[in-house]
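So you can see what is in the structure, the chains are spelled out below.
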Amino acid sequence: MKQIHFLGQQTVNLISGLGRAVIMLTSALMHRPNVRKGLPLLLTQLYAVGVQSLIIILVSGTFIGMVLALQGYTILVGYGAEASLGPMVALSLLRELGPVVSALLFAGRAGSALTAEIGLMKATEQLSSLEMMAVDPLRRVIAPRFWAGFISLPLLAAIFSMVGILGAHLVGVDWLGVDGGTFWSVMQAQVDFQGDILNGVIKSLFFAFVVTWIAVYKGYSCDPTSEGISRATTATVVQSSLVVLGLDFILTALMFAG
Amino acid sequence: MVSKKIELMVGFFVALGIVAILVLSLKVADSGISGNGETYDLYAKFDNIGGLKVRSPIKVGGVVVGRVSNIVLDEEDYTPVVTLNIYAQYKNFSEATSVSILTAGLLGEQFIGLHPGFMDESVETLLPGDFIEDTKPALVLEELIGQFLFSQGSDD
């Protein structure tokens, strides 16, 4: 009986949490944009969320591209197929690794920071003070952070794929001696703009939406204590990572399996 | 107020992201601006197109002059009709031009080989929308093996 009670409680909590998250997002975003007031807020958040994530994206993108080239080369050279190194690296980066790995890194680097910041604002009653001054914290605090994440992640994913391919070029062509012309031309013959690049961008748009949404909601709904903030930050990283990986399977099945 | 430095860094970040998308579309996928030049369409009917696909290249002596843009089945005689999308800089193919479906390597992908015919006073050039009359179907490996076995059997 106790277990059933617990199960029911969890289900109700889950569903009402989802409902609150949807209500928070719609009331934060569904209003007429005010460019003069909103733009400076958005710019500040773009700096905090996007620009400050650049270093980790650049470094990990380069290294993942280099490792892919190294691993792919040792396997492909056994079949005399090292000419296919370019498309192998480009397709795996554009379709999977670019959107997914940058979303995971983004959840760890920017999502956790968003949650902690909003959570601390709540714990120190800054959000309530905003309301006292007749400023809607959803529009003032949540909306610019959400949009900044939604804009940043697709750009970061594209940057990730680009430096990954450059890193693969560095290892494959400059170090292991794959012919540079073959590397690019076979890649260009295999990679399709709509099928590969556009689908990758669509994937990262989905991830950006989900990761930023989870981050701002967890911060906004956390218990206003130091433990609550720490739990919310952990939950942001864990849940966004799981949702990104699960969503990635569904999107891949929809895009590439048909 | 937002400082100039933050504005600068955000501008740099967004520009880098846009450059990345452009590099990926132009350098990696080789599509977009360069692929969308002026083109015109020719049509060709084949008995069998084998593994030909939309976007397969059309080559003259190994040089890509266009891509297959559409493959449909003729509703009257049920033969495949292939739309050849040719770059406008390669016009004035003669009416005696022939097309065949070839394979790159033994197991490679299939493409259309275009063999420009002779030109003289009596031969007109192909205009956009014309059908190329002289077509050779794709070689299907199974049919070849079947013919080979059949001819082997009839020798005995």
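Okay, so let's go over this structure.

Conventions we followed
- Residues numbered from 1 in each chain as written.
- Chains lettered and ligands numbered in written order.
- Predicted model: local features only at pLDDT ≥ 70, side-chain atom pairs only at ≥ 80, totals over all residues.
- Heavy atoms only, no water.
- Buried < 20%, exposed > 50% of the residue type's maximum accessible area, 1.4 Å probe, protein only.
- Helix = DSSP H or I, 4+ residues; strand = E, 2+ residues; numbered from the N terminus.
- Arc of directions from axis to C-beta.
- Contact = heavy atoms within 4.5 Å.
- Core = buried A, V, L, I, M, F, W, Y, C linked by side-chain atoms within 4.5 Å.
- Phe/Tyr/Trp six-rings, centres within 6.5 Å; stacked < 30°, edge-to-face > 60°.
- Buried area = accessible area lost by both parts, 1.4 Å probe.
- Salt bridge = Lys/Arg side-chain N within 4 Å of Asp/Glu carboxyl O.

## Observations concerning helix H7 (residues 180-190) of chain A
And step 1. Turning to H7 of chain A, its buried residues are Phe 183, Trp 184 and Met 187 of chain A. Down the axis, H7 of chain A shows its buried residues gathered within 85° of arc, on one side only.
And step 2. On its buried face, H7 of chain A is in contact with helix H4 (85-123) and helix H6 (137-175) of chain A together with helix H1 (4-28) of chain B.

## Some remarks on the nonpolar core
And step 1. One finds Leu 85, Ile 165, Met 187 and Val 191 of chain A together with Val 28 of chain B to be the most contacted residues of the largest nonpolar core, which totals 74 residues.
And step 2. Sort the elements by how many residues they give to this core and H6 of chain A lands first, with 18 residues.
And step 3. In contact with Val 191 of chain A, other than residues within four places in its own chain, are Ala 90, Leu 91, Leu 94, Asp 196 and Ile 197 of chain A together with Val 28 and Ala 29 of chain B.
And step 4. By size, the runner-up hydrophobic cluster in this structure holds 20 residues, among which are Ile 58, Ile 86, Ile 101 and Ala 138 of chain B.

## Considerations on the packing of aromatic side chains
All names here are of chain A.
And step 1. Overall, the coordinates contain eight aromatic pairs over all chains when judged by the stated rule.
And step 2. Here the aromatic rings of Phe 146 and Phe 150 are separated by 6.1 Å at their centres, their planes lie at 10°, and the arrangement is stacked. Linking Phe 146 with Phe 150, this pair stays in helix H6, spanning four residues, or about one helical turn.
And step 3. With a centroid separation of 5.4 Å and an interplanar angle of 85°, the aromatic rings of Phe 183 and Trp 184 are classed as edge-to-face. An identical accessibility class is assigned to Phe 183 and Trp 184; each is buried.

## Description of the interface of chain B and chain A
And step 1. Facing the 24 residues of chain B at the interface are 25 residues of chain A.
And step 2. Both faces combined, the contact of chain B with chain A buries some 2200 Å², and carbon together with sulfur accounts for 84% of it.
And step 3. Of all residues in chain B, Phe 13, Leu 24 and Val 28 of chain B bury the most surface against chain A, accounting for 29% of the area lost on that side.
And step 4. Inspection of the region where chain B meets chain A yields zero salt bridges.

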